[in-house]
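One letter stands for each residue in the lines below.
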Amino acid sequence: MWEILKNRWRQGYRTLKFPEEALLPERFRGRPILTDGNPLDLGKCLFSPDDNVVYSRDYRMAVRKREDLILKGEEIKLATALDKKMRKLFGRSLKLRAVCAGSCNGCDLELQALNNVVFDLSRFGIQFVASPRHADGLVVTGPVTENMKLALKKTYEAVPDPKIVIAVGACAISGGPFEGSPEVNNGADKILPVDLYIPGCPPHPLTILDGLLRLLGRIEANSSRLTACKA
Ligand code: SF4
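Residues numbered from 1 in each chain as written. Predicted model: local features only at pLDDT ≥ 70, side-chain atom pairs only at ≥ 80, totals over all residues. Heavy atoms only, no water.

**Q** It is not clear to me how the environment of Val63 should be interpreted in this structure. Could you clarify?
**A** Among the structural elements, Val63 can be located in the loop between strand E3 (54-55) and strand E4 (70-71). Spatially, the C-alpha atoms of Val63 and Gly175 are 17 Å apart, while their sequence positions differ by 112 residues. Setting aside its immediate chain neighbours within four residues, Val63 contacts Asp68, Leu69, Ile76, Lys77, Leu78, Ala79, Leu196 and Tyr197. (Helix = DSSP H or I, 4+ residues; strand = E, 2+ residues; numbered from the N terminus. Contact = heavy atoms within 4.5 Å.)

In structure tokens:
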């Protein structure tokens, strides 16, 4: 027992103060920067080391509409909050069911990382649940393979209304590296109405956390300041 207490003392407090302490290492590939004036689609698979793209260290990239992922200048239209009624329902407590619809598991691992002691997602009232019957919405990863299409639809139908859908990663947004294959559906919004798009391959847990809190109106638009839930 004494050893456990000593270890705990040595480790200190490890949970990241978000967003104040959301500092990322030099090698982090955040939002791409336009270098030649040509638009960039953040919903595509742009985040691999082979891409000829320059990256900032800004992790904020989640948007509400697919077209807002087309980067045309410096600014990006970051996700706005759900309407007042939805915020009242989900603002303090949001339960999500994750559906891996044919992903490589990269995005799923980043979602799991949100539950670790560093990001501690549940302190914001957001939790992953096992059953769609207990969920307020779905988090979809992967390009939605033909094999997973029916399962995704059935899981969506099992979530009680009103519900939300969040597409995480390039695959769930556009098909990612699998785009155009006859075995995939090129993203979740070809099958379901999507409320939040979180780009990346895979997105960093901070990108996901920022998007979720913006959707719930817990981060002021165009800022990184956390606010109390007002709904
Ligand atoms: S977006 Fe990238 S990391 Fe996520 S499932 Fe697709 S290939 Fe894997």
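**Q** Sorry if this is basic, but what is going on with the environment of Met148 here?
**A** On the secondary structure map, Met148 appears in helix H4 (residues 146-158). Given a relative accessible area of 23%, Met148 falls into the partly exposed group. Between the C-alpha atoms of Met148 and Val159, which are eleven residues apart in sequence, the distance is 17 Å. Excluding its chain neighbours within four sequence positions, the residues that come into contact with Met148 are Val99, Cys100, Ala101 and Gly102. (Buried < 20%, exposed > 50% of the residue type's maximum accessible area, 1.4 Å probe, protein only.)

**Q** Where do I start with the layout of surface pockets in this structure?
**A** Summary: where empty space remains is shown by rolling a probe the size of a single water molecule over the atoms. Considered as a void within the structure, the largest pocket measures approximately 200 Å³ in volume. Taken together, 13 residues form the lining of the largest pocket, with Phe28, Arg29, Pro202, Pro203 and His204 sitting closest to its centre. Its residues assigned to classes, the lining of the largest pocket comprises eight nonpolar, three polar and two charged. (1 Å grid on protein atoms, 1.4 Å probe; cavity = no way out; pocket = protein on both sides within 12 Å on 5 of 7 lines; lining within 4 Å. Points joined across faces, edges and corners; volume = space filled by probe spheres on them. Nonpolar A, V, L, I, M, F, W, Y, C, P; charged D, E, K, R; others polar.)

**Q** Teacher, can you tell me more about the nonpolar core here?
**A** One broad trend across soluble globular proteins is that nonpolar side chains are buried collectively. Residues Phe18, Ile126 and Ile166 are the most contacted members of the largest nonpolar core, which totals 34 residues. Listed by contribution, the elements that provide at least two residues to this core are helix H2 (84-90), strand E5 (94-100), helix H3 (106-113), strand E8 (164-168), strand E9 (196-198) and helix H6 (205-215). It is H6 that provides the largest number of residues to this core, a total of six residues. Sequence-distant contacts of Ile166, defined by excluding residues within four places in its chain, comprise Leu96, Leu138, Val139, Val140, Leu196, Ile198, Leu212 and Leu215. Ala101, Val140, Ala188 and Val194 belong to the second largest nonpolar core, which has 29 residues in total. (Core = buried A, V, L, I, M, F, W, Y, C linked by side-chain atoms within 4.5 Å.)

**Q** In this structure, what is going on with the site of the ligand? I would like to understand it.
**A** Taken together, Ser103, Cys104, Gly106, Cys107, Gly169, Ala170, Cys171, Pro177, Gly200, Cys201 and Pro202 make up all the residues around the ligand. Going through the elements one at a time, H3 and helix H5 (169-174) are the ones with two or more residues in the shell around the ligand. No other element matches H5, which puts three residues into the shell around the ligand. Considered class by class, the residues forming the shell around the ligand number seven nonpolar, four polar and no charged. (Near = heavy atom within 4 Å.)

**Q** Can you walk me through the sheet that holds E8 in this structure?
**A** By way of backbone hydrogen bonds, the strands of a sheet pair with one another, either parallel or antiparallel. Taking strand neighbours across the sheet as the criterion, the five strands line up as E6-E5-E7-E8-E9 in an open arrangement whose pairing is parallel. Among the strands making up the open sheet, the edge pair consists of strand E6 (126-128) and E9. Between one strand and the next, the sheet's axes are offset by a mean angle of 25 degrees, whatever the strand orientation. In terms of strand pairing, E5 meets strand E7 (residues 137-141) through five bridges, oriented parallel. Bridging from a neighbouring strand, Cys100 pairs with Thr141 of E7. Of the strands in this sheet, E5, E6, E7 and E8 touch H3, which is tilted by about 135 degrees from E7. (Pairing = 2+ DSSP bridges. Axes fitted to C-alpha atoms, helices over the stretch in contact; angles between N-to-C directions.)

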